[in-house]
Amino acid sequence: MRLVDTHAHLDDRAFDRDRAALVAQLHADGIGVVAVGSDLESSREAIRLAERHRAIWATVGVHPHGAKAVTPAMLRELEALARSARVVAIGEIGLDYYRDLSPRDVQREVFAAQLELARRMRLPVVLHNRESTDDLLAILRRVGPSHRGVVHSFLGDADLARTFLGLGLHLGVGGPLTYPANSALRDAICRVPLDSLVLETDCPYLTPVPHRGKRNESAFVALTLARLAEARHTDPRALGRVTIENTCRLFALPGPLAEVDPAVHPN
């Protein structure tokens, strides 16, 4: 394994036309993927993909946008899905006060319920946080952040980074790190220990430079690695190896997955 994209929405309609070819190319290029669930159907699809491809792993969870539709029966089904041997985390879960597609009190309730599920299953969590940091932290401190986890698409400053790390969480680093305006984010990421970082794409969203505005793909994780290495004045090969080790530790994947090959480049 050369690199791992720890956050990809491979079930998204943006991939319907060429999903099989894309997955085959990722396999050929030695890029592993954590396929993230955001509702029951996408969680099922993540498991199906992971069952067919040994370098894809699945997470299951309900995104805060869909919290208003969650019932006790859905939470029971989510727990059943989480028992799959190919499931490595509960997520994408959390709070989103930017779009407010579900009432905030319902978001908080569903988030806490899924944190409890992660604790019971002894699985890490994949956290979504958008303009909801205070409440997210309060719930994490009250319920507990499971025993491992990652803040997906971390976009905060150095102080917030240290707060999340203090809760035992990793930081997910993706395409926004490459955006010229995000100097504060690069500064924050340069101030935290390397063993707290994992790479992600959030594909098909948050495409890195120079492909911003186009569909994001897991292969583009190499672009984020290159920009991260540049910002931290670190050798890309060594940094890539560290991110794989971090990913293995976070998601309890078999490791070491493989040597990082600097020849991995997106088209």
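Given the structure is predicted, the values throughout are model-derived calculations rather than measurements.

Enquirer: Describe the overall build of the chain, listing the residues and the values that go with them.
Expert: A count of helical and extended segments in the chain gives nine helices and eight strands. Here the C-alpha atoms of the chain give a radius of gyration of 17 Å, agreeing with the 18 Å that 2.2 N^0.38 yields for 267 residues. In the chain, once contacts between residues fewer than 6 apart in sequence are set aside, the share between residues at least 24 apart is 71%. Summed over all atoms, the accessible surface of the chain reaches about 11,500 Å², with 50% contributed by carbon and sulfur. In the chain, 33 positive and 33 negative side-chain charges are present, and the distance between their average locations comes to 2 Å.

Enquirer: Could you give me a rundown of helix α3 (residues 72–82), with the residues and numbers involved?
Expert: Among all positions of α3, only Leu78, Glu79, Leu81 and Ala82 are buried. For α3, the angular spread of buried residues about the axis comes to 160 degrees, placing them on one side. Facing away from the buried surface of α3 by more than 90 degrees, the exposed residues are Pro72, Arg76 and Ala80.

Enquirer: I'd like a rundown of the sheet that holds strand β8 (residues 197–199), residues and numbers included.
Expert: The strand order β1-β2-β3-β4-β5-β6-β7-β8 describes an open sheet built from eight strands, whose pairing is parallel. Taken across any chain shown, the strands that pair with only one partner, and hence form the sheet edges, are β1 (3–8) and β8. When the angles between neighbouring strand axes are averaged without regard to direction, this sheet yields 30 degrees.

Enquirer: I'd love a proper account of empty space enclosed by the protein, names of residues and values included.
Expert: All told, the structure shown has one cavity of 30 Å³ or more when counted by the stated rule. Taken as a whole, the largest cavity encloses approximately 40 Å³ of empty space. As for the largest cavity, its lining consists of Ser153, Phe154, Leu155, Gly172, Val173, Gly174, Pro176, Leu177, Leu185 and Ile189. Those elements that provide at least two residues to the lining of the largest cavity are β7 (170–173) and α7 (183–190). Residues of the lining of the largest cavity, tallied by class, amount to seven nonpolar, three polar and no charged.

Enquirer: Residues and numbers for the packing of aromatic side chains, please.
Expert: Throughout the structure, instances matching the rule amount to one aromatic pair. Lying over the aromatic face of Tyr98, Arg130 brings its terminal NZ or CZ to 3.7 Å of the ring centre. Over the ring of Tyr179 we find Arg212, and its NZ or CZ is 3.5 Å from the ring centre.

Enquirer: An account of the environment of Ala222 is needed here, citing residue identities and associated values.
Expert: Along the chain, the position of Ala222 falls in helix α8 (residues 221–232). Residue class for Ala222 comes out buried when judged on its relative accessible area of 9%. In this structure, the C-alpha to C-alpha distance between Ala222 and Val4, residues 218 residues apart in sequence, is 9.4 Å.

Enquirer: Quick rundown of the pairing of strand β4 (residues 87–96)? Include the residues and the values.
Expert: Within β4, 10 of the 10 residues are buried, leaving the element largely enclosed by the surrounding structure. Pairing of strand β3 (residues 56–60) with β4, which is carried by three bridges, proceeds in the parallel orientation. Across the sheet, the residue bridging to Ala58 is Val87, located in β4. Taken together, the six bridges between β4 and strand β5 (residues 125–130) define a ladder with parallel strand orientation. Of the residues in β5, the one forming a bridge with Leu95 is Asn129.

Procedures and definitions
- Residues numbered from 1 in each chain as written.
- Predicted model: local features only at pLDDT ≥ 70, side-chain atom pairs only at ≥ 80, totals over all residues.
- Heavy atoms only, no water.
- Helix = DSSP H or I, 4+ residues; strand = E, 2+ residues; numbered from the N terminus.
- Rg over C-alpha atoms; globule rule 2.2 N^0.38 Å.
- Contact = heavy atoms within 4.5 Å.
- Areas by Shrake-Rupley, 256 points an atom, 1.4 Å probe, with all protein chains shown as cover.
- Lys, Arg positive; Asp, Glu negative; His and termini not counted.
- Charge placed at Lys NZ, Arg CZ, Asp CG, Glu CD.
- Buried < 20%, exposed > 50% of the residue type's maximum accessible area, 1.4 Å probe, protein only.
- Arc of directions from axis to C-beta.
- Pairing = 2+ DSSP bridges.
- Axes fitted to C-alpha atoms, helices over the stretch in contact; angles between N-to-C directions.
- 1 Å grid on protein atoms, 1.4 Å probe; cavity = no way out; pocket = protein on both sides within 12 Å on 5 of 7 lines; lining within 4 Å.
- Points joined across faces, edges and corners; volume = space filled by probe spheres on them.
- Nonpolar A, V, L, I, M, F, W, Y, C, P; charged D, E, K, R; others polar.
- Phe/Tyr/Trp six-rings, centres within 6.5 Å; stacked < 30°, edge-to-face > 60°.
- Lys NZ or Arg CZ within 6 Å of the ring centre and 35° of its normal.

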